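# Inside the fold
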Amino acid sequence: MTAPNGPIPLIFEKSSPGSRAADLPPLDVPASPLPQHHLAPQPPALPEVGQLDLVRHYTHLAARNFSVDANFYPLGSCTMKYNPRVNELAAAHPGFTALHPAQDDADVQGALQLLHDLRLWLAEIAGLDEVCLQPCAGAHGEYTALKVIRAYFNDPAAGNAPQRRKVLAPDTAHGTNPASCTMCGTHVIKVPTTQGLVDLDALRRLVDHETAALMITNPNTAGLFDHTVTEIARILHDAGALLYLDGANMNAIVGVSRPGDFGVDIMHFNTHKTFSTPHGCGGPGAGPIAVRSFLSPYLPVPQVRQRLTASPGPRYYLDWDRPKSIGKVRSFFGQFAVLLRCWSYIAACGPRGLRHVAETAVLNANYLAARLRHRYDTPYFDPAARRFCAHEFITVPKPLLAGDVSLTDIAKRLIDFGVHPPTMHWPVHDCLMIEPTESESLATLDHFVEVMLTIAEEALTHPELLKHAPHSPSLGRLDEVAAARNPILAAPDQPAARVQPQPPSLELRNHRPAPPVASAVHPNPSQSAPVFSAGKAGDARPFAGPGRSSR
Amino acid sequence: MDYVQITPEQRRSMLQAIGVESVDDLYANLPPEARLSRPLQLTGLPVGPSELELRAKLDQLAALNRPAAAPGAACFLGFGAYDHFIPAAVDALASQGAFVTAYTPYQAEASQGSLQAFFEFQTQVCRLTGLDVANASLYEGATAVAEAVLMALNITGRRRVLAAATLHPHCLATLRTYLTDLPAELVTVPACASTGAVDTEALTKAVADARGDTAAAVVQSPNVFGILEDWPALFAAAKSASHAAGHPQSLEHPGPLAIAVFNPIAAALFKRPGDCGADIAAAEGQPLGIPLQFGGPYLGLFAARAAFTRKMPGRLVGQTTDPQGRRGFCLTLQTREQHIRGAKATSNICTNQGLLALRATIYLSALGPAGLRDVATQCFHKAHHAAQRIAALPGYSLAYTGDFFHEFVVNCPCPARRLIDAGRQRSVFPGLDCSRLGIGSDRQLLIAVTEKRTQADIDRLVTLLSEVSPS
Ligand SMILES: Cc1ncc(COP(=O)(O)O)c(C=O)c1O
């Protein structure tokens, strides 16, 4: 059975009292008295559904997603590469899933060995000395790294420059870079870029004795390898500051070039970009960081270590005794099941495979850029002038946007062709950032080119096709402005079945009846949370007013 | 196997289409000193890693582990990570490629599956916490608590954070890291040595000492010893002490905020954070259908009162409509987030724990209200049965008198270490050595009992403890 057309009711709307999809054996011990004053009068109002309906519901929802498994997904900066099946198998191995994180080191030697291998491999890939596997994602890696940098400069026996609290970042930096600085209590200062590259004169002017680091992305967010990076590193190092690399774009250079070799002191990886761990509708990822040895004393506890064979105790262990460490940045010690997939991917590829991956990612991006540039302007890509892109490129399709066609229209039209839209409006307004990854076949790349050229043609001849895209039978373009103006962030407390459904409109005749959205579209102000109207109630605003900065 | 599909032949034709001779030409921007002129040296890498060999290597590594939650083992380990029953449907549904290999649902029309699931998740978390708004997940428990505290600092403009000493030590340590270098001060509020719960008077005093500068009071229940804290009394005390000190609470001056660190299974049985005066609730969501998997990835749960919506960290899914008025979902209130707001964002979080949130959603939908309460109730009764039998053994006693949920500390007549080592041959994992966790002595065991443990498992535990000689 295929998923129904039209909206799928919420799981709460499929609830029928008394249904259950899971059961437990009867209690086999004597009951003890419950502490009455702590008890809740009734359990939380969760849905009550049978197992088949549960399975059908989440199977139908899955059918409403684009995914790498089903679609070309050229989302720039996100590296939507193929997620190998064997990695999922590895992560589901009971020898790993059933490990408790507080077990003795002696009980978890296989897991620790795996983490230890990965630590060494990532250090080699980075060209740096030490790795911490703990951060939960790229942004958390940035945060952890900035804390490490701060601790180093605060240490009188090392960096000894507590005044270094300024962090520089190019104006094309990913939003997490400045946001991570704020969370660390550091000031972030924008460095201008020209032609997609860091403006060196501006950088020289901005670097001073209060500068802790520059956060760069290289290849950068415009899809270019910044060839001045070694000069950038020199400028920072001469001023006593450090160079941080946002490793989101490592897929272009793994095995080809090592950040440590071009002057980077500290960096993060995104395993969910470079090393094929799946994005899972938004997460989980992992953001290991790599550092030069002078920064390693400050890494979070614990670190995985290997004992010399002569000394007693298990071969691999977690080292909690790190007096200069910044402490903990999360519970336990990492996104283990993600790191396990990362291990499995690196192991499968091997040194030659990794390099082949990077080269193919770059090849595919340049191929697409070369084939599209006549219709989709590529400001930084011009093979005649020997200006190539790394693993992704941006296009600013100005001629197509001359009429009343918007970038969003182009993006939404791609959905009709089964292609996930590229990243939009970043790092510059009205750009598409296209990253095909190494995974795709030539046939898929060529198909994408055809689709893009078709859409370019449509933009000029049939713009209405774009304006109303996507033309899916189940749902048209959604009103995101309305969603933000009148936030409905949870289903109403009352079972929605009690609300009169709207009569199906003519267009909907052949579909399932529209779900009962009446109460949601016009939220009843008297209804208590969770459906609330932030605009009307006025109570969602007081703390967002001017004058109060966000930490 | 590098999973690349482009053939050498195709590569040549693609290079031609670009107008270059070799891939090296495409790296023209790489300065020579930035080029690696040798192959990477990946030590210990299995050679010739075909899938078959890779799987053999993974099996070898897995075989070096002794998993506490393996079939046949009796696992009494807790400390924030619990061995609960996971219905088969959770794995089956959450491992669909359409969920596993999708990105963050920025393109709403291409992501309705994830978006609706997260909307259901947010609704479920609201109902578990008794609060108005929940986000679509944070990384894990400790960072979720840290985010709650940062949010409270931001909302109140105050500096002092009062954290119960009975918070999970990793949570407390993470909080400490997050607060250093910020204009904030962390003060821990001690627990009563006999009950194992936070002392209301100590909290009242800490609030008074802060002289109106208390941004938040953070209390975990069940706490790290498994003891149920008296949230209503503690939160009321924090607020009234602040009031008494001449700092009444109002919309403009909302401090101090009450932050409840909860257990989502316990929420099916006991009063929820929102029912106890909490303004923000944060939790480790691992118990909701997520395997132990050596500590991660887990799931950060986060909910707050509606008034604080625009100060919340993380993604929010909202309901909206298409041109035909049909209901759909999209990410919303994104002006809070880093990709719009940069340095002024409410948090730096970008990638979150989507797939784990999906697991939790399916788990909660599978169990339903009765099932989840059943899980909680069985945890309670099994833990209490085990505790009574252990306390009846010569030399053993419960360390604390407070009411507990499914975890408790016992004083042992011998080093806990010896019991743990003796359990190894019998596949009994009797608990954790409190000295190793930093929450007690080396003669104390922290024991957790979930619904998965049978009477027979508990017999094995009691037998182990009774047989290991105290000498
Ligand atoms: C350039 C860049 N930096 C940082 C990040 C943040 O990484 P994460 O989403 O893993 O936190 C991303 C990805 O979203 C990115 O593209």
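Along each chain, residues carry numbers from 1 onward, in the same order as the chain's sequence is written. Think of it this way: whatever chain is written first is A, whatever ligand is written first is 1, and the rest follow in order. Note on the predicted model: pLDDT of at least 70 is required for a residue's local features to be given, and 80 or more for side-chain atom pairs to be given and counted; whole-chain, interface and lining totals, by contrast, use all residues. Excluded from the side-chain calculations are hydrogens and water; all other atoms, namely the structure's heavy atoms, are used.

Along its length, chain B carries 15 helices and 15 strands. For chain B, the C-alpha atoms occupy an extent of roughly 80 × 60 × 50 Å along the three principal directions. Within the span of chain B, comprising 471 residues, buried residues form 69% of the whole. Residue pairs in contact within chain B that sit at least 24 positions apart in sequence constitute 69% of those at least 6 positions apart. Just so you have it, chain B exposes about 14,100 Å², and 53% of that area is on carbon and sulfur atoms. Positive and negative side-chain charges of chain B, numbering 39 and 40 respectively, have mean locations separated by a distance of 2 Å. Helix and strand definitions follow DSSP, with helices as H or I runs of at least four residues and strands as E runs of at least two, each counted in order from the N terminus. Residue exposure (1.4 Å probe, protein chains only): buried if accessible area is under 20% of the type maximum, exposed if over 50%, otherwise partly exposed. Contact criterion: two residues are considered in contact whenever any of their non-hydrogen atoms come within 4.5 Å of each other. Per-residue accessibility takes into account occlusion by the displayed protein chains alone, with areas from the Shrake-Rupley method and a 1.4 Å probe. Residues scored as positive are Lys and Arg, those scored as negative are Asp and Glu, and His as well as the terminal groups of each chain are ignored. Each charge is placed at NZ for Lys, CZ for Arg, CG for Asp and CD for Glu.

Below, the discussion takes up the side chain of A:Ser474. Assignment of secondary structure puts A:Ser474 in the loop between helix 13 (463–467) and helix 14 (480–485). Owing to a relative accessible area of 11%, A:Ser474 belongs among the buried residues under this scheme. Excluding residues that lie within four positions of it along the chain, A:Ser474 makes contacts with A:Gly6, A:Pro7, A:Arg64 and B:Arg326.

Our next topic: the packing of aromatic side chains. Stacked, tilted and edge-to-face are the three classes applied to pairs of Phe, Tyr and Trp rings, where Trp contributes its six-membered ring and a pair requires centres within 6.5 Å; stacked means planes under 30 degrees apart, edge-to-face means over 60, and tilted covers the rest. Summed over the entire model, instances satisfying the criterion amount to 23 aromatic pairs over all chains. Seen from their ring centres, B:Tyr103 and B:Tyr106 are 6.3 Å apart, and the 45° between their planes marks the pair as tilted. Judged by its relative accessible area of 28%, B:Tyr106 falls in the partly exposed class. A connected cluster of aromatic rings, assembled from ring pairs, spans A:Phe96, A:Phe332, A:Phe333, A:Phe336, B:Phe79, B:Phe294 and B:Tyr298. Lysine NZ or arginine CZ positioned within 6 Å of the ring centre and within 35 degrees of the ring normal marks a charge as sitting over the ring. It is A:Arg307 that lies over the ring of A:Tyr317; its NZ or CZ is 4.1 Å from the centre. Sitting above the plane of the A:Phe12 ring, B:Arg127 keeps its charged end 4.5 Å from the centroid.

Quick look at the nonpolar core now. For this analysis, a nonpolar core means a set of buried residues of the types Ala, Val, Leu, Ile, Met, Phe, Trp, Tyr and Cys, connected via side-chain atoms within 4.5 Å. By size, the foremost hydrophobic cluster in this structure holds 270 residues, and its most contacted members are A:Ile125, A:Leu203, A:Ile346 and B:Phe408. Take this core: its biggest share by element is 22 residues, from helix 10 (residues 336–372) of chain A. In this structure, B:Ala148, B:Val161, B:Ile259 and B:Ala304 belong to the second largest nonpolar core, which totals 73 residues.

Once that is clear, we can look at the site of the ligand. Lining the immediate environment of the ligand, one finds 15 residues, of which A:Ser77, A:Asp246, A:His272, A:Lys273 and B:Thr351 sit closest. More than one chain reaches the ligand: its neighbouring residues belong to chains A and B. For the purposes of these results, a polar contact is taken to be a pair of N or O atoms within 3.5 Å, where, inside protein, one atom must be able to donate a hydrogen and its partner to accept one; residues adjacent in sequence count only when each atom of the pair is a side-chain atom. One of the backbone N or O atoms of A:Ala139 is found 2.7 Å from an oxygen atom in the ligand. Out of a free accessible area of 390 Å², the ligand has 99% covered by protein chains. Taken together, the elements giving at least two residues each to the shell around the ligand come down to helix 5 (138–154) and helix 9 (271–274) of chain A. Considering every element that reaches the shell around the ligand, the biggest residue donor is helix 5 of chain A, with three residues. For this classification, Asp, Glu, Lys and Arg are treated as charged, while Ala, Val, Leu, Ile, Met, Phe, Trp, Tyr, Cys and Pro are nonpolar and the rest, including Gly, are polar. Considering only residue class, the shell around the ligand consists of five nonpolar, seven polar and three charged. Near is defined per residue: the residue qualifies when any heavy atom it owns lies within 4 Å of the molecule or strand.

Contacts between the two partners involve 205 residues from chain B and, on the opposite side, 221 residues from chain A. Across the chain B to chain A interface the summed buried area is about 18,300 Å²; carbon plus sulfur atoms make up 62%. What makes a salt bridge here is a side-chain nitrogen of Lys or Arg within 4 Å of a carboxyl oxygen of Asp or Glu, nothing more. Summed over the shared surface of chain B and chain A, the number is 13 salt bridges. One salt bridge in this structure joins A:Asp104 and B:Arg436, with 3.6 Å as the shortest N-O distance. Connecting chain B to chain A are 98 residue pairs in polar contact (both at pLDDT 80 or more). Element by element, the count of residues in the side of chain B that touches chain A is highest for helix 12 (residues 354–391) of chain B, at 25 residues. The quantity reported as buried area is the accessible area (1.4 Å probe) lost by two parts once they are put together, taken as the sum for both.

On to the domain arrangement of chain B. Residue and element names in this part refer to chain B. Marked domain ranges trace back to an automatic or database domain assignment. Once the domains are mapped, chain B shows domain 1 (74–86 + 369–467) and domain 2 (90–363). The straight-line distance from the C-alpha centre of domain 1 to that of domain 2 is 28 Å. Contacts between domain 1 and domain 2 engage 28 residues on the former and 32 residues on the latter. Between domain 1 and domain 2 lies a buried interface of about 2,400 Å² when both sides are counted; carbon and sulfur atoms form 70% of it. It is Ile86, Tyr400 and Phe405 that lose the most area in domain 1 upon contact with domain 2, and together they represent 26% of the buried surface on that side. Counting across the interface, domain 1 meets domain 2 through zero salt bridges. If you tally residues by element for the side of domain 1 that touches domain 2, the top one is helix 12, at six residues. Here the side of domain 1 that touches domain 2 is built from residues that sort into 18 nonpolar, six polar and four charged.

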